[in-house]
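# Overview (structure and organization)
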Protein chains: 2
Amino acid sequence: MHVLVVGSVAFDNVRTPSGHAQNILGGSASHFSVTASYFAPVNLVAVVGEDFGEAELAVFKSRSVGVEGLERATGKTFRWDAEYPPENINEAKTLDTQLNVFEQFSPKIPDAYRDSEFVFLGNIDPTLQRRVCQQLPKARLVALDTMNYWIHRTPEELKKTLSVVDLLLVNEAEARMLAGCHNLRRAARCIQKMGPKMVVVKRGEYGVIMFKDDLIFFVPAYPLEEVHDPTGAGDSFAGGFMGYLAQAGDLTESSLRRAMVYGSVMASFAVEDFGLRRTVRLSRPEIDARFHEFKHMTHFDV
Amino acid sequence: MHVLVVGSVAFDNVRTPSGHAQNILGGSASHFSVTASYFAPVNLVAVVGEDFGEAELAVFKSRSVGVEGLERATGKTFRWDAEYPPENINEAKTLDTQLNVFEQFSPKIPDAYRDSEFVFLGNIDPTLQRRVCQQLPKARLVALDTMNYWIHRTPEELKKTLSVVDLLLVNEAEARMLAGCHNLRRAARCIQKMGPKMVVVKRGEYGVIMFKDDLIFFVPAYPLEEVHDPTGAGDSFAGGFMGYLAQAGDLTESSLRRAMVYGSVMASFAVEDFGLRRTVRLSRPEIDARFHEFKHMTHFDV
């Protein structure tokens, strides 16, 4: 099964306690698509500017990511400049954001992608996210990412969008903010009432939790000795999660559990180097070896 | 196998967002012993004052906890008065501490307890903890709890004590402080070099991690909708952990993993009500049912 992602493609400048990197390929759709490509064929819908060259395009092509939906607009590509301070490497401090061509982004879904069944809506304006949903009548699983900006700024639009998606992926603070409730179990139930039957809460170094009906499922974060660049960890999680489900071709509880682990595996690789550097040079055996490490770190006999 | 605990017995006044409780039985040895008693016979070494009555003693007796080592001294029992503020229920704000008879506490191990094999040294002066170790030649597993106070105040004494124990139980901030290193995996390795082959890091609502040789094992915290009183959660974890190992009678990796889960189960019950109120009215089937819930929350097929 194919996976469709709609989101941002960007050039990032990132500084972390481990070093810095300039003008590297970033954005939610980039991280998601390259990651998911290890599991299933991926199609990408995003916009870039005239400064987006063959070298960047080659990254997607090397992973066979479908770029028919990669619109090239007049102007510059979205740029993001951020720093992760040593005292809290989990939270990016945005130094500069230049939306550029992304400001007028209105996702156009190529006809060939309209029968997509597994869809990831990266963190963009919830109104645009909803418009994408309406163009995908065959979608079996639509996953949504969002952020505090939209929760504060366009809560009504976000709620309308939540009512038409199957899965919400958010971090812990965002889940609490959206539900207006500190207790995570209650917050998840509150969000489920807004629409998405599944809620996946990302807790950084503390791992992820999935809430689905009465199921609560935990996966720890892989215990790395050093996080070089946390950028894209959430989108890499989503890429592993959705990619694995598209590969499995079903939404059984067993597949969802494994998808949570593959998501965690991919996020752990993503942060081992700047941008997509680590992710582009992975192999499936490496991925599966780390999947088995997760089993070893969590298994006990009853 | 018997479990021996050396620690504090106290009267607590506790205020949390859920309510408050006055003059309730508390202290590390109380929480540990009552909890561990669901798995194995337990002997307690602690000191109380003249205000410690039959009602409190009855709690230990009802759980068949051996009280031969419960010294009664002239004066009052240790008292602790604390509040858990609504904005951060994970951290107690101590309002008042009256050490009373605990100030002169010098643990005396009854002859009948000298062949104890499973030993928990609750959070007391590390010099006293080490003195206890020296009186227990047959100990197979000595677990140590400590806190920031001793890490700051008596670092050299603490290091000497660490060099003679098998397991250190600490919270995340304490592990980092002791190792002088933020990354938890590195911090654990640093602590292991100080002596204890096993390090269990308690992360509150994020669960626990065990580090032993190359093994890293995670257990999430049980997702409660409400935490009524976090007091004693760490000692209850220790009680479930050590109690289960004494019941199993071995230290195989499989038993250690299950002990981590039983510890988490017991901590989750402990915080459901003030003091020992929930713990004293548990049953083994209830405990095992929650153990199975942990399996359901963490299991995936490879």
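Keep in mind it's a predicted model, so treat the numbers as computed, not measured. Throughout, a residue's number is its position along its own chain's written sequence, starting from 1. All chains are assigned letters beginning at A, and all ligands numbers beginning at 1, according to the order in which they are written. In view of the model being predicted, local features appear only for residues whose pLDDT reaches at least 70, and side-chain atom pairs are presented and counted only at 80 or more, with totals across whole chains, interfaces and linings using the full set of residues. Each side-chain value is worked out from all heavy atoms of the structure, with water and hydrogens disregarded.

Our focus in this paragraph is the pairing of strand β13 (residues 215-219) of chain B. All names here are of chain B. Counted residue by residue, β13 has 5 buried out of 5 residues, so it is predominantly covered. Between buried and exposed lies partly exposed: a residue is buried under 20% and exposed over 50% of the maximum accessible area for its type, with that area taken using a 1.4 Å probe on protein chains only. Helix numbers and strand numbers start at the N terminus; a helix is a DSSP run of H or I with at least 4 residues, a strand a run of E with at least 2. Because side chains alternate across β13, one face comprises the buried residues Leu215, Phe217 and Val219, and the other comprises Ile216 and Phe218, equally buried. Pairing of strand β12 (residues 208-212) with β13 involves 5 bridges; the strand directions are antiparallel. Bridging across to β13, Ile209 finds its partner in Phe218. A pair of strands is treated as paired once DSSP finds two or more bridges between them. Remark: 2 residues form the turn of the hairpin made by β12 and β13, two consecutive strands paired antiparallel; Asp213 in that turn has positive phi of roughly 50°.

Turning our eyes to something else, we now look at the pattern of salt bridges. Just to be clear on terms, a salt bridge is a Lys or Arg side-chain nitrogen sitting within 4 Å of an Asp or Glu carboxyl oxygen. Applying the stated criterion across every chain yields a total of 43 salt bridges over all chains. Ionic pairing is found between Arg114 of chain B and Asp111 of chain B, a salt bridge with its closest N-O pair at 3.3 Å. Residue classification places Asp111 of chain B among the exposed residues on the basis of a relative accessible area of 65%. Each member of the salt-bridge network shares a partner with another, and the members are Arg185, Arg186 and Arg189 of chain A together with Glu225 and Glu226 of chain B.

Structural alignment of chain B on chain A gives an RMSD of 0.0 Å, achieved by rotating through 180° and translating 0.0 Å along the axis. Here the copies are linked by what is in effect a two-fold axis. The contact criterion used is simple: two residues touch if any of their non-hydrogen atoms lie within 4.5 Å. A shared binding surface is used by both copies, with 97% of the interface residues of chain B retained as interface residues in chain A. Here the copies were fitted onto each other by least squares, based on C-alpha atoms from residues at pLDDT of at least 70 in both.

Right, let's talk about helix α6 (residues 172-179) of chain B for a bit. Residues and elements named next belong to chain B. Counted residue by residue, α6 has 6 buried out of 8 residues, so it is predominantly covered. Those residues of α6 that sit buried are Glu172, Glu174, Ala175, Arg176, Leu178 and Ala179. Against the buried residues of α6 lie α4 (148-153), α5 (155-162), β10 (167-171), α7 (184-194) and β11 (198-202). Polar contact is defined as a pair of N or O atoms within 3.5 Å, subject to the rule that within protein one atom must be able to donate a hydrogen and the other to accept it, and that residues adjacent in sequence are counted only when both atoms are side-chain atoms. The residue sitting at the N-terminus of α6 and contributing the capping side-chain oxygen is Asn171; that oxygen lies 3.1 Å from the backbone nitrogen of Ala173.

Right, let's talk about the interface of chain B and chain A for a bit. Counting residues at the interface gives 36 residues for chain B and 35 residues for chain A. As a working definition, buried area equals the accessible area (1.4 Å probe) given up by two parts on being put together, with both sides summed. Roughly 3,600 Å² of surface becomes buried between chain B and chain A when both sides are summed, with 49% attributable to carbon and sulfur atoms. Contact with chain A buries area across many residues of chain B, yet Tyr206, Glu225 and Phe300 of chain B alone supply 22% of it, more than any other trio. Our count for the contact surface shared by chain B and chain A stands at 10 salt bridges. The salt bridge involving Glu225 of chain B is made with Arg186 of chain A; its shortest N-O contact spans 3.5 Å. In this structure, the connection of chain B to chain A is made through 25 residue pairs in polar contact (both at pLDDT 80 or more). Elements that contribute at least two residues to the side of chain B that touches chain A include exactly α6, α7, β13, α9 (253-270) and α11 (284-298) of chain B.

To continue, consider the packing of helix α9 (residues 253-270) of chain A against helix α11 (residues 284-298) of chain A. Residue and element names in this part refer to chain A. Interaxial angle, 0 to 180 degrees, is taken between N-to-C directions of lines fitted to C-alpha atoms, where a helix line uses only the stretch in contact. At their nearest, the axes of α9 and α11 sit 9 Å apart, and the two run at 115° to each other. With respect to each other, α9 and α11 are oriented roughly perpendicular. In terms of crossing hand, the pair formed by α9 and α11 is right-handed. Residue-level contacts link Arg258, Val261, Tyr262, Ser264, Val265, Met266, Ser268 and Phe269 of α9 to Arg284, Glu286, Ile287, Asp288, Arg290, Phe291 and Phe294 of α11. Residue composition of the contact of α9 with α11, grouped by class: 8 nonpolar, 2 polar and 5 charged. These descriptions rest on fixed angle ranges, namely under 35 degrees for roughly parallel, over 145 for roughly antiparallel, 65 to 115 for roughly perpendicular, and the rest for oblique. Rotating anticlockwise by less than a right angle from the far helix to the near helix defines a left-handed crossing, while the corresponding clockwise rotation defines a right-handed one. Here the nonpolar group is Ala, Val, Leu, Ile, Met, Phe, Trp, Tyr, Cys and Pro; Asp, Glu, Lys and Arg are the charged ones; every other residue, Gly included, is treated as polar.

This next bit is on the sheet that holds strand β6 (residues 78-83) of chain B. All names here are of chain B. Pairing within the open sheet is mixed, and its 4 strands lie in the order β3-β2-β6-β7. The sheet terminates laterally at β3 (19-26) and β7 (93-98), the two strands that pair on one side only. Ignoring which end each strand starts from, the neighbouring axes of this sheet average 15° apart. Two elements, β6 and β7, share 5 bridges in a ladder whose sense is antiparallel. For Glu83, the partnering residue across the bridge sits in β7 and is Lys93.

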